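Reading the structure
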Amino acid sequence: MLRDLDVSDGTRVLEIGTGTGWNAGLLAHRLGSGNVVSVEIDEAVTGRARGALLRAGLHPRAVHGDGGDGWPDGAPYDRVMVTAGVRAASPRWLEQSRPGAVILAPWGTHYSDQDALVRLTVEEDGSASGPFLRMVEFMKLRDQRLDWNRFREHVPDFPGDADVSLTTVALPDLGDRYEPARFVMGLCVPGCAHVVNRSDSGTAKAWFFDLTSRSWAATVFRKGEPGATVYQSGPRRLWDEVEAALRWWAGRGEPGHTRFGLTVTAEGQRVWLDDPADSWAI
């Protein structure tokens, strides 16, 4: 990530997530302590990082605060490096960056725990855009973590009155950890959380929950059976959306994450495939 950040003498860096202080220390050693600000939300963690940095003879500014707010006192920055997974890039990071600055962040959707490292370049109009570089997985920014308890009332009695159908989609088609299929599903089925429960008997149940309504879907895969049983409930047909997204992806040659990118503006976030001008809201 530090190579992707591409710093040079005089570069001023804002780091989101101090952790142990190791990354801030490397940046301070390379750029000088006065050019590095690191923000950490956990006060105890901030204190330990400060102590470790002092013992190493390094003095970047380690701030206890919410990284989503950035640190306006040190702005404008040439680089923003985020060391926590995000589901929405903070507009504060853009506001506190110079035109031409780079924002490097692990970004993903609530569809899964996956993140993809995105490298955004800040434009003169205050927007930022850039490609995804590779798959990663980070602890999520605290105020952007998914609370799974919100889905407790979605399925009071399984399968209840859910509509039942069959599918030829296999569980591996949905993608595994770090695989592009799972990442692309998150881009193409927005506002959806997904998890797979597996049993010792070889049965797996893939769940899909709508983030704004009580719509849900569950697909049951049984070992040795060619098809799977689909249950869908609520106005949003989540499994139908997943199948449509898989067809869309296959029709374009199953592009990997590096062909996708992200654009962030004051109005929100948009993702794109190959061309930033051809984007959709996420």
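In case you missed it, the structure is sitting above this.
Residues numbered from 1 in each chain as written. Predicted model: local features only at pLDDT ≥ 70, side-chain atom pairs only at ≥ 80, totals over all residues. Heavy atoms only, no water.

**Overview of the overall build of the protein**
Broken down by element type, the protein carries six helices and 15 strands. Along the three orthogonal principal directions, the C-alpha set of the protein runs to about 60 × 40 × 30 Å. Going through the 282 residues of the protein one by one, you find that 50% of them count as buried. A sequence separation of at least 24 residues applies to 54% of the contacts in the protein between residues at least 6 apart. Total accessible area computed for the protein in this model is approximately 13600 Å², and 49% of it derives from carbon and sulfur atoms. (Helix = DSSP H or I, 4+ residues; strand = E, 2+ residues; numbered from the N terminus. Buried < 20%, exposed > 50% of the residue type's maximum accessible area, 1.4 Å probe, protein only. Contact = heavy atoms within 4.5 Å. Areas by Shrake-Rupley, 256 points an atom, 1.4 Å probe, with all protein chains shown as cover.)

**Thoughts on a nonpolar patch on the surface**
Judged by side-chain polarity, Leu2, Trp22 and Leu26 come together as a nonpolar surface patch covering roughly 310 Å² of accessible area. The residue Trp22 is located in helix 2 (residues 22–31) in this model. Since its relative accessible area comes to 62%, Trp22 is described here as exposed. (Patch = residues over 30% accessible without salt bridge, like charges linked within 9 Å, V, L, I, M, F, W, Y side chains within 5 Å. Salt bridge = Lys/Arg side-chain N within 4 Å of Asp/Glu carboxyl O.)

**What to know about the pattern of salt bridges**
Using the criterion set out here, one finds 13 salt bridges in the structure. With a shortest N-O distance of 2.8 Å, Glu95 and Arg92 are connected by a salt bridge. Taken together, the positions of Glu95 and Arg92, both in helix 4 (residues 91–95) and three residues apart, correspond to about one turn of that helix. The exposure class assigned to Glu95 is exposed, which follows from its relative accessible area of 55%. Between Asp115 and Lys140 there is a salt bridge whose closest N-O contact spans 3.2 Å. A residue pair is termed long-range when its members are at least 10 positions apart, and Asp115 in strand 6 (residues 115–122) and Lys140 in the loop between strand 7 (128–136) and strand 8 (163–167) qualify at 25 residues. Lys140 shares its class with Asp115; the two are buried.

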